Each structure stands twice: as structure tokens, then as C-alpha cells.
Amino acid sequence: MPLLVRIILALLSLAVGAGIASIAVLLGLYFYYAPGLPAVDTLREVRLQTPLQVYTHDRRLISEFAEQRREPVSIAEMPERLLQAFVAAEDERFYRHRGVDPVGLLRAGINLFSTGERTQGGSTITMQLARNFFLTRERTYERKIREIFLALQIERELSKDQILELYLNKIYLGQRAYGIAAAASVYFGRDLDELDLDQMAILAALPKAPSTTNPVTSPERAQNRRNYVLRRMLELGLISEEEHAAAVARPVLSQIHVSATEVDAHWVAEAARQTVFNLWGEDAYVRGLRVYTTIDTSAQEAANAALREGLLEYDQRHGYRGPELSLDEVVVGDPEERRSALASIGVHGQMLFPALVLESGENGVVVDTAGLGEKRLEGDDLAWARPDGTRVSDWLKRGDVVRIQPTAAGDWRLSQIPEVAGALVAQAPEDGAILAWAGGFDFFENRFDRVLQAERQPGSAFKPLIYALALQDGMTPTSTLVDAPLVFSDPALEAEWRPENYSRSFHGATTMREALANSRNLASIRLLNSVGVHQIHDNLGVFGLNLEQHPRNLSMALGTGTLTPLELNNAYALFANGGRLTTPWVIERIEEVDGTLLYQAPTARTCPEPCTSPAGQNLQLATTHGPLQYADPVPVLEPGIAWQMSQMLGGVIRSGTGRRAMELGRTDLGGKTGTTNSYRDAWFAGFNGELAATAWIGFDDNQELGSRETGGRAALPIWMGFMQRALAGRPEAPIPRPEGLIDVALLPETGERTTDDDPRGQREWLLPEQIPERSARIPANPDADAEDGRNDTRNHTQPEFIF
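A brief structural summary.

### Concerning the overall build of the protein
Looking only at helices and strands, the protein has 24 helices and 27 strands in total. A buried classification covers 52% of the 803 residues belonging to the protein. Here the contacts in the protein between residues at least 6 apart in sequence split such that 68% fall between residues at least 24 apart. With an accessible surface of roughly 36800 Å², the protein has 50% of that area assigned to carbon and sulfur atoms.

### So, the sheet that holds strand β5 (residues 290–293)
The sheet built from five strands is open, its strands ordered β2-β1-β5-β19-β20 with mixed pairing. Each having just a single partner strand, β2 (61–65) and β20 (597–600) make up the two edges of the open sheet. Put simply, the sheet's adjacent strands are angled 15 degrees from each other on average, direction ignored. As defined by bridge partners, β5 adjoins strand β19 (residues 587–591) across four bridges and the pair is classed as antiparallel. Across the sheet, Y292 pairs through a bridge with R589, a residue of β19. Each of β1 (52–55), β2, β5, β19 and β20 touches helix α11 (residues 266–280); the most contacted strand, β2, lies at about 45 degrees to it.

### Digging into the sheet that holds strand β25 (residues 742–746)
Spatially, the three strands line up as an open sheet ordered β26-β25-β27, and their pairing is antiparallel. The two strands at the open ends of the sheet, each matched to only one other strand, are β26 (753–754) and β27 (762–766). The pairing of β25 with β27 spans five bridges and is antiparallel. Paired with A745 across the two strands is R763, which belongs to β27.

### Section: the nonpolar core
The biggest cluster of nonpolar side chains holds 132 residues, and the ones touching the most others in it are W437, F543, W719 and F722. If we skip the residues at most four places from it in the chain, W437 touches W267, V268, A271, I295, Q300, L424, D449, V451, L452, V586 and L628. Listed in part, the 50 residues of the second largest apolar core include L82, L173, A205 and L230.

### Focus on the side chain of N570
With respect to the element layout, N570 can be found in helix α21 (residues 565–576). Here the side chain of N570 touches Q427 through a polar contact of 3.0 Å, side chain to side chain. Apart from residues no more than four positions distant in its own chain, N570 is found in contact with Q427, L581, T582, T583 and P584.

### Examining the pattern of salt bridges
Counted under the stated rule, the structure contains 40 salt bridges. Between E155 and K160 there is a salt bridge whose closest N-O contact spans 2.9 Å. Under the relative-accessibility criterion, E155 is labelled buried at 14%. Note that E329 is salt-bridged to R398, the shortest N-O span being 2.8 Å. Note that E329 is positioned in helix α13 (residues 329–332) and R398 in the loop between α15 (392–395) and β10 (400–406), a separation of 69 residues in sequence. The partly exposed category is assigned to E329, whose relative accessible area is 47%.

### Looking at the pairing of strand β13 (residues 434–438)
Most of β13 sits out of view: five of its five residues are buried. Hairpin connection of strand β12 (residues 421–427) to β13: six residues between the antiparallel strands, including G432 at a positive phi of 85 degrees.

What counts and how
Residues numbered from 1 in each chain as written. Predicted model: local features only at pLDDT ≥ 70, side-chain atom pairs only at ≥ 80, totals over all residues. Heavy atoms only, no water. Helix = DSSP H or I, 4+ residues; strand = E, 2+ residues; numbered from the N terminus. Buried < 20%, exposed > 50% of the residue type's maximum accessible area, 1.4 Å probe, protein only. Contact = heavy atoms within 4.5 Å. Areas by Shrake-Rupley, 256 points an atom, 1.4 Å probe, with all protein chains shown as cover. Pairing = 2+ DSSP bridges. Axes fitted to C-alpha atoms, helices over the stretch in contact; angles between N-to-C directions. Core = buried A, V, L, I, M, F, W, Y, C linked by side-chain atoms within 4.5 Å. Polar contact = N/O pair within 3.5 Å; in protein donor to acceptor, adjacent residues only side chain to side chain. Salt bridge = Lys/Arg side-chain N within 4 Å of Asp/Glu carboxyl O.

Shape descriptors only; they carry no functional weight alone.
Now the structure itself:
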């Protein structure tokens, strides 16, 4: 046999032997690793991590919570051109191989042999999928072997479209974005079907190094990688020369886009987040939960606007504090630098924009804004802040950073971030659902939630609770109180307590109705003393209050205890709903990403009667600051008493300390002002038949608001601004008079009952137990008695004064 033939046969034998040995090795490796490989079947039921989303009652997005940004989409929703871009960049033979690409592996092997480094992995899309779902990213031979076997298994059990869909939803693309839909939203603020070719190529270029080649942090590297992807698409015949040239010519323009929330209700979102986190822990952020709240979009927007306007109005009454900071001339003189500086400062409360003073003269300034261009402010735009007799250039100079706010007329005026704080909360009296919740001027500046967390003295806003319990004890709106000086001695303090009325005047005999309408402190103290401090204190639980937060002494009549705006508002809701104590609640329903119902509040607001109970209906919802879960209202106050209080509080607006609210032009409103010692807190709480709302204003550190900053001046305008917007176009909703009340005639001077035909009589609706006996001294027919000479009122029973 010729030598050449023998050599060929020997080589063939070696090749066959090597092949058999290789197969044996591969089989051995497979049987060694196969038992430890995860089941590919789990990919069929895989649930991609999706964020927690919080919505209003009318399905408007409030907020999202997630460590990873994800928006899973089906392959049918992915543009064909985008799929081509990823395949061209990552695995051009994707549709031809069975999970492992020998050419790619050979290339990686050659690179390893020539450089001694594992810089190219030769991974297919299927292998990357296996790694992303089941394996770590460590670069070891063992992991690579597992990856290969897993890829082969995946290709046997899933179609190419299923593999590509999972891959494109799972792949990390930088900036916490996982999947192409999330990346499109984060980098470009667009949906997938809105992407241009160059933007698709940018996304397809990211898997190799998402942290160092993304278009936000490294636009030059992103451009180079983008152009590589476009070139590969051109070489593969996926795009034309013209399309390639146009896409390559476009600049890389990208910035971080956050989810476009539709309603500013971040305190609500935070309460919802706490609730679901307490139930499901970290899993709450990745399982795609959707939390629907009771928040009404229009009411929430009204609350935000009214609170911010009211805080700014107060703040500007107390003068301008000067610019926030000053920038160097190096920054001021460079348009790009100064706009970058302003952008980093940011908008406050969605209405106070940063602006840089470029020119300052005697009567005005020219300012530059971040994205709004240059504006000139003069005259009324500066009037509130301008000290008398000064030039504007005396107190505003080039380089100063100030705040400007839009006006209703479409102009701009100088403003400043208010230091004072405030809160506004609104509920549906019928069931306690929270409809609006504004815990401050700007959630992102200060996350302290004053609706839930601010324990403040309510001042005179607390009086209606005492008056209601007095009515429950048998008194009537016309019961006579004495408004006269009081002195209390406290031996322990070696001092005297001399409470006063706000007006520093006294009015003698006055009815309960008048005392409440005009917030008479001395009459209210006598009322509390008459009914009994301990009795009133023990019954504060009727209003859902914590008794330990309120003093068991006469100062309770002046609201010296503490409560939150939500607690006070919920208490006032009793006067609008017939005396039923509700539980403030905000979570209507919780769903999985696929619509599976996890929780639904059992009320007609959220479901038709009868409510069906889904799995998990008995979930106990709670936040750090207490439950916000629906509970059936509990009757705690006689409906007739609640109605009487609603009418008395209507008198506060018609003729008392809240009469400014008459400007709203409605007759269905009731409420009460509240002001504490040294003007540290200002309140207004009020309602009609469909809406109860409370506004509070004060400083977080409890400093004084300033002289004459009463509830009627500082808080009532906030409440009015809210009610005007929230009730716009809605018919009046007076409190319906319940059954059981009797229309009787009373003498206003004495409070005693008289005959229906007595012209001196004043009509009152009273409960049977409240009706006083008719005095024998009061003639049934005054004219007839006059003929008998018995109309001398000097002998009539005198009013029963309460001391």
C-alpha cells in the first residue's frame, strides 16, 4: 500500500476516533450536567418582573414603584425592523442554528487562543436567554457548558418567536430598563411603534455593554455601536443604502424619561406602596400589582391647586426672602451652562420655575429660564416683593437665581418656595372614601405627610365636637350660654388661667348657635363645664379620636389636644352623613398584572350589589400610620343631632367666622374655623352632603404664623379654592333632615316652648327629648292675655344660664 494511502487512512482513523471520543465526551458531559439543569418548561409560565402601579378611581396613573423598569410586550407588538436590528447585532444566524452556533464558538475559540483572554463568548440569543433566566454571568468553562446544553434544550421546546420574545423582554439595556419596551420609554419617551430606525439600532447596540454605551451616559460610544448595527443591517440586506445613510447622519439625542404619571397624588401613592409592601414584601415591586384608589382626579387636582395657591398667598404676605442662590459669571455668560444649571435646580411644586437674572434695572428684571426662554418681569410681577422706595436692582442682581410662577392671564411673576406647610384632605361623607389628599406643597421636596402625620392642635375647629355631644346630652341649638369673663386658679402652677375671646369682648347671654357661629371661647368653656369634662372626654371616641391625645380639663373646649387633618375631617363627616362614623380608606382594589383580583373593598363604590369576595378579600391592609381599609360605617350620633350640627355649622358660614365662604354662592355648606394660641395653626373644616374637606396651614417646627393669621384668613381661602373647583357645575347637596325631628316654636329670649301661633316664637327642629315644657307663665294667646292684664313679661321665667 502506498505511503500516501496509509497516511490518509491513519488520519481518517484518527479523525473518526477523535469524533467518537468527542461524542463520548459530549455525552458524558451531558449526562453529568443534565440532572442539574433547570426545567425549560418553566419558561412557558415565566412571569416577567413588572412594576407596582397606583391609579386613581377613574384609572389615571399616579405612580410606579420598581427596582427595575419593565414593560413586557408580545412579539406581535414588536416592530419587524427592531427584531431585525437585534438579530443582526447579536445573532445573525439565529433562525438557522439550533441554539448553538458552531461558527460563533469557533470564532470565540480562535480569539481565546490568539489573545489568551475570553473577550468573545460566541453566545447566541438562545444562549443569552438561558444565561439570563437560569445562570450567572460569571465567565467560566463550566457555566459555558451549562449554557450550551440549556440552549439546546430551549430550542427543542420553544419556537424561535417564543425565544426571541422572552429574550427581548428580559435583556438588560441600562438605566434600570429591562426589555425593549422599557428601554424605548426610558431613553426616548416613546412606544415601540414610534421608534425611528436609528433609535432601534441604538437599542440593539446596548446588550453588549449597557452601562458604558447607553446614549445618556456615553453618546459617542452609543453612536459608534449604533453605526455598527446599522452597517450589519445594511450588509445583511435588511435596510437600503438610503436608509443607512439617513440613520447614520442623525445625532444621538437621548435623556432619561420617567413614567408619565397623570395625577399628582404622591402621598396617596406612598400610602398604597406601604400597604402592598406590608402584604407582599419586595415581591410587590416585581409582580405587576395594580392598586386602584378612591382618589378622584378632578378633586385631587383641585386640592393641589388650592393648597399651593393658599400657601403662596400666605408666604407672599410675609415678604420676599431674597434669591435662592447666585451663579458665577462663568455660568451666567454661557447659555448652555446656565440652562444646565437651571435644569439641575428643577421645578418646585409643578408651578415654581427656576430663573436666572440676566439684567436688573430700576423697575424690572430680565430672567432666563430652563426651556422657557427669556422673560421680563416688572410692575405687578414684582410688586409684592418690592420694598417701598427701592429700585429692583437694589435687591435683585445679575446671576441671582429666583423662582417665577405662571399667572392666570398667561404671564409670569416673581415667586419663592414657601417655608410654611399645609395640608388638604377630602372625603365622601357617605362611606369615608378619601377623594383628595395633598400632604404639602411638593412631595419630592419634603415627604412628611401632614394629612396623616401632622399631630396639631385644632383650636376652635374642635368646638363642634363638644357642641354635638352637648346636644346629645339634651341641650338644643337655642340653649342659652353666658359669654362673660372667667378666671381659673391653678395652685400647682401658682398662676391663674384667664381665657379670652378672640375679639377680647364679651356678649353676655347667647345661644349655642350664636356661640358656635362666632367662636365664643368663654361660652364654650361654660358649655363643657356644664355637661361635664369627663363625660365629654369619655365620649370623644364617638368621632374616632384617640382620647389620650386630648386633655381631660376645660382647655379641651379650646382645642388644646392634638389630631391630624384626616382625623378632624373624618369627625366632621358625621355631621354630613347622619351621624355615622366612617373609617378613612383609600384602597379600592388590588389586581395582578393579568387582571386577577386580589382585593376589593366591599362597598357599592367599587362593585355592584352584592359584592363578590375574591380570594384574599380578607386581606388586612395597613400603612405605617394606621389602616386605610374600608369598614362599614357605624351609627354613633343621633341623626337628628348630626343634622342640627350641620345647620349650626351652616350658620358659621352665613353669619359667623366663616362668612367669607358665602362668596362661593352656595347655600349647602357648613364648616368651622380654627386658630390656636399665638397663631401657630390655622384650620377650616367643612362639608356639604357629598363632600367633607379640611384645610390646615402651619409651620412644621411649630413657629408662629404671624399676627392675625387666623383660620378665616389663612386656611379658609384654601378650603374655598378647593370647594369652588371640586363642586363646580354640581347642584347643591344640602344635608337632608332625618325623621324624628319635631317642628316646635321657642321663645328666643328664654328658650322655652310657646304656642305655634305665638308671633314671638322661633321655629326649631328638635328631638322629642330636647323639647322643653311649655311654661305656664307664657300665654297661649298673647292678645287675649293682654286683655286680662297678664302680659307683664317681668314675671316670666328667666333663661337658664350655664356657668
